[in-house]
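Spelled out from the first residue to the last, the chains are:
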Amino acid sequence: MCGIIGYVGYEDAVPIILDGLKKLEYRGYDSAGIAVMDDQGFSVVKQKGRLTALEELVRKSPIAGYMGIGHTRWATHGEPSDINSHPHLGSKNKIAIVHNGIIENFKQIKERLEQKGTVFVSQTDSEVIAQLAEHYYNGDIIDTVIRVTNALEGSYALGIMCIDEPGKLIAVKKDNPLIVGISDKGNFIASDVPAVLAHTNKVYYMNDKEIAVLTKDGVSFFNTDNEPIEKTPETITWSIDSAEKGGYEHFMLKEIMEQPRVLKDTINSALRSGENKNLLDSLDITRFNRIVITACGSAYNAGMVAKYVFERLCRISVDVELASEFRYKDPIIDENTLVILVSQSGETADTIAAMREAKSRGAYTLSIVNVIGSTIAKESDATLYTLAGPEIAVATTKAFSAQLVLLYILAVRFAHKLKRITDDQQEELLSEIAALPDKSYELFEHVDFIQKYASNCVGYKSIFFIGRNIDYAISMEGSLKLKEISYIHSEAYAGGELKHGTISLIEEGTLVVAISCSEKLYGKIYSNVEQVISRGARVLFIGNCIQAIPDDRLSIIEIPKVNELFSPSLSVIVLQLFSYYVAANKGLDIDKPRNLAKSVTVE
Ligand code: M6R
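So, how was this worked out
Residues numbered from 1 in each chain as written. Predicted model: local features only at pLDDT ≥ 70, side-chain atom pairs only at ≥ 80, totals over all residues. Heavy atoms only, no water. Pairing = 2+ DSSP bridges. Helix = DSSP H or I, 4+ residues; strand = E, 2+ residues; numbered from the N terminus. Contact = heavy atoms within 4.5 Å. Axes fitted to C-alpha atoms, helices over the stretch in contact; angles between N-to-C directions. Expected span 1.5 Å × (residues − 1). Bend = angle between axes of the 7 residues up to and from the residue. Near = heavy atom within 4 Å. Polar contact = N/O pair within 3.5 Å; in protein donor to acceptor, adjacent residues only side chain to side chain. Areas by Shrake-Rupley, 256 points an atom, 1.4 Å probe, with all protein chains shown as cover. Nonpolar A, V, L, I, M, F, W, Y, C, P; charged D, E, K, R; others polar. Domains from an automatic or database assignment. Salt bridge = Lys/Arg side-chain N within 4 Å of Asp/Glu carboxyl O. Buried < 20%, exposed > 50% of the residue type's maximum accessible area, 1.4 Å probe, protein only. Parallel < 35°, antiparallel > 145°, perpendicular 65-115°, else oblique. Left-handed = near helix turned anticlockwise from the far one by under 90°.

### Some remarks on the sheet that holds strand E6 (residues 95-103)
Here is step 1 of the chain: Ordered in space as E5-E6-E7-E8-E12-E13-E14, the seven strands form an open sheet in which the pairing is antiparallel. The outermost strands of the open sheet, each flanked by one partner alone, are strand E5 (88-89) and strand E14 (228-229).
Here is step 2 of the chain: The sheet contact formed by strand E12 (residues 211-215) and strand E13 (residues 218-222) spans five bridges and is antiparallel. Opposite alanine 212, over in E13, you have phenylalanine 221 as the bridge partner.
Here is step 3 of the chain: Of the strands in this sheet, E5, E6 and strand E7 (154-162) touch helix H4 (residues 127-136), which is tilted by about 135° from E6.

Structure follows, in structure tokens:
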């Protein structure tokens, strides 16, 4: 996600902002920029690429000011480029802003302003904020910010400077983090505590729609009626290292906890407005007679889940292929085949090769990618973006969840275009998907239980995961997650396959994780659970339709009710937390598991 830092005070803002941006680098970025203000007006330096390049630019053409805003950008709307980097200024050069978040109605605002003569220079959603602020500005920046935020739909954390109100740094947020730091040498805004920790440990956490006005000598807060409000600062006792992780011990846990937000952003991008929605509206599925999903690792597991959803809703046969196998198997695809490539990084060598193979055979390639501007995003015929933000832990969690919801939405939209479901059915399915973020949040109630349960699992040499149909597909992801970070051998099995071999491995004390979110198949999986318990296994049973006879060896985690097709989005969070806490109890390097790389760019 983007990073914001701002300063107003008694020192030169430039080194403070550049240093703050370095402390936000961990959030991931593709471009960076800074705008400072002095008696002459704004000076802006911004460009695509690393912060070192920005520092070099500033060294060559020095700028200075008593107030400034800086930004690290992770592209969501508009490719990474100098012009799309922040800060953004309005056309009159009166207002400069930095933004973290997504403005869902930016197209409508842009069109309205263009009709009134405003000329936009970037492809970003963020530029509309600067342009709209200049449009509304009436001599009172607080009033202007209130009007602007009333007009915006979506999420934002904003740092704002206005040329006509020198010495005032304005901050406001909705659904994205923003803190205000206070010190004797001046005051700060930032996306996160590490950016200001070198200067102060006294911070205010801003609530949605509160407006902060910072001057060099103090901070005041206002509500949306422009009335002053009282806030109490907090004292931070974290080290820089733990502050980067938002106070969590590992990035993986932080990223697991971010999932309700990521699901919401990704779902909104596909259902409300933006490039994802435009693509979903315009894609013509009716010309394909076959769908192939190809990917690696967790992205492949997302494809396995999607197979059940597509086949159930669209009644089209879907093959899911490991990208590392695909190009060597002389695949049967042609111009009537839709090939869906799923990749967080967009740079996985095997998935790139599979995409090129599919294209060379005339198939239409649709990618689902997290990193804008990545090779797969650039080369595939069309791209849907997961709005997970940068994922730092090697083990994917939030990007996987974002892939799942885009695949569900794709399946529902295709089913409707193919006339397999009615308007009402489409509406109902999409509203069930839209309810997932809130339901996923409820799962965090189980954290204490999962943590305690996992602490008793560190001694296992092997753990089995079972499920049926879509629960089997998601159990594959549970198994992969566990093995990659805890180094415990694990296998996922379709429940019905146990008796064809694996059950011989079940003995006194073996752990089996069973998943059941399908009422129809509950009886089947429960009978598998009874079979393994009678052979001495312990079972962790995860589901939303469990009615089991109590047993000392059986522990149950109830998850919220949801259409079984979308239940993997909930069960996977429990599985991620389970794996995380097993690995944490073993004291392992969870964010960087041995022998693994975040992006596998070689075959
Ligand atoms: O960047 P990609 O999604 O293409 O990466 C694919 C796999 O390498 C990745 O999912 C890997 O399995 C993760 N470590 C799983 O957590």
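### Topic: the sheet that holds strand E22 (residues 489-494)
Here is step 1 of the chain: Read from one edge of the open sheet, five strands run E22-E21-E23-E24-E25, paired in parallel fashion. Looking along the sheet, the strands with just one partner apiece sit at the ends: E22 and strand E25 (554-558). The average angle at which neighbouring strand axes cross in this sheet is 20°, direction not considered.
Here is step 2 of the chain: As judged from the four bridges shared by strand E21 (residues 462-467) and strand E23 (residues 511-516), these two strands associate in the parallel manner. Paired with phenylalanine 464 across the strands is valine 512, a residue of E23.
Here is step 3 of the chain: Packed onto the sheet, helix H19 (residues 519-534) meets E21, E23, strand E24 (538-543) and E25 and runs at close to 165° relative to E24.
Here is step 4 of the chain: The sheet strands contacting helix H20 (residues 568-585) are E21, E23, E24 and E25, and the helix crosses E23 at an angle near 160°.

### Observations concerning helix H10 (residues 297-314)
Here is step 1 of the chain: Under the 1.5 Å per step criterion, the end-to-end length of H10 is 25 Å for 18 residues, consistent within 8% with the ideal 26 Å.
Here is step 2 of the chain: When the local axis directions of H10 are compared, the greatest deviation, roughly 25°, occurs at alanine 306.
Here is step 3 of the chain: Positive backbone phi, approximately 55°, marks arginine 315, located one or two places after H10.

### What to know about the site of the ligand
Here is step 1 of the chain: If you check the shell around the ligand, you find 13 residues, and the closest are Ser343, Gln344, Ser345, Thr348 and Glu484.
Here is step 2 of the chain: In this structure, an oxygen atom belonging to the ligand sits 2.6 Å away from a side-chain N or O atom of serine 345.
Here is step 3 of the chain: The side chain of threonine 348 places a nitrogen or oxygen atom 2.4 Å from an oxygen atom of the ligand.
Here is step 4 of the chain: Protein contact buries 92% of the 410 Å² of open area that the ligand shows by itself.
Here is step 5 of the chain: Those elements giving two or more residues to the shell around the ligand turn out to be H10 and helix H18 (470-486).
Here is step 6 of the chain: Of all the elements, H10 adds the most residues to the shell around the ligand, at three residues.
Here is step 7 of the chain: Partitioned by chemical class, the residues of the shell around the ligand number four nonpolar, seven polar and two charged.

### Re the domain arrangement of the protein chain
Here is step 1 of the chain: When its domains are assigned, the protein chain resolves into domain 1 (3-242), domain 2 (245-434) and domain 3 (445-589).
Here is step 2 of the chain: Taken over C-alpha atoms, the centre of domain 2 sits 25 Å from the centre of domain 3.
Here is step 3 of the chain: At the interface, 29 residues of domain 2 touch 26 residues of domain 3.
Here is step 4 of the chain: Remark: the boundary between domain 2 and domain 3 carries one salt bridge.
Here is step 5 of the chain: At the junction of domain 2 and domain 3, the tally comes to nine residue pairs in polar contact (both at pLDDT 80 or more).
Here is step 6 of the chain: Secondary structure elements with two or more residues in the side of domain 2 that touches domain 3: helix H7 (251-257), H10, helix H14 (398-417) and helix H15 (423-434).

### A closer look at helix H8 (residues 259-271)
Here is step 1 of the chain: If you check H8, its first and last C-alpha atoms are 18 Å apart, about what 13 residues at 1.5 Å a residue would give, namely 18 Å.
Here is step 2 of the chain: Buried residues dominate H8, accounting for 10 of its 13 residues.
Here is step 3 of the chain: Buried residues of H8: Gln259, Pro260, Val262, Leu263, Asp265, Thr266, Ile267, Asn268, Ser269 and Ala270, and no others.

### Side note on the packing of helix H3 (residues 106-115) against H4
What describes two packed helices is the angle between their axes and the distance between those same axes.
Here is step 1 of the chain: For the pair H3 and H4, the least separation of the axes is 10 Å and the interaxial angle reads 45°. The angle between H3 and H4 falls in the class oblique. Between H3 and H4 the crossing geometry is left-handed. Where H3 approaches H4, its residues Phe106, Ile109, Lys110, Arg112 and Leu113 are matched on the opposing element by Val128, Gln131, Leu132, His135 and Tyr136.
Here is step 2 of the chain: Looking at the contact of H3 with H4 residue by residue, the class counts come to six nonpolar, two polar and two charged.

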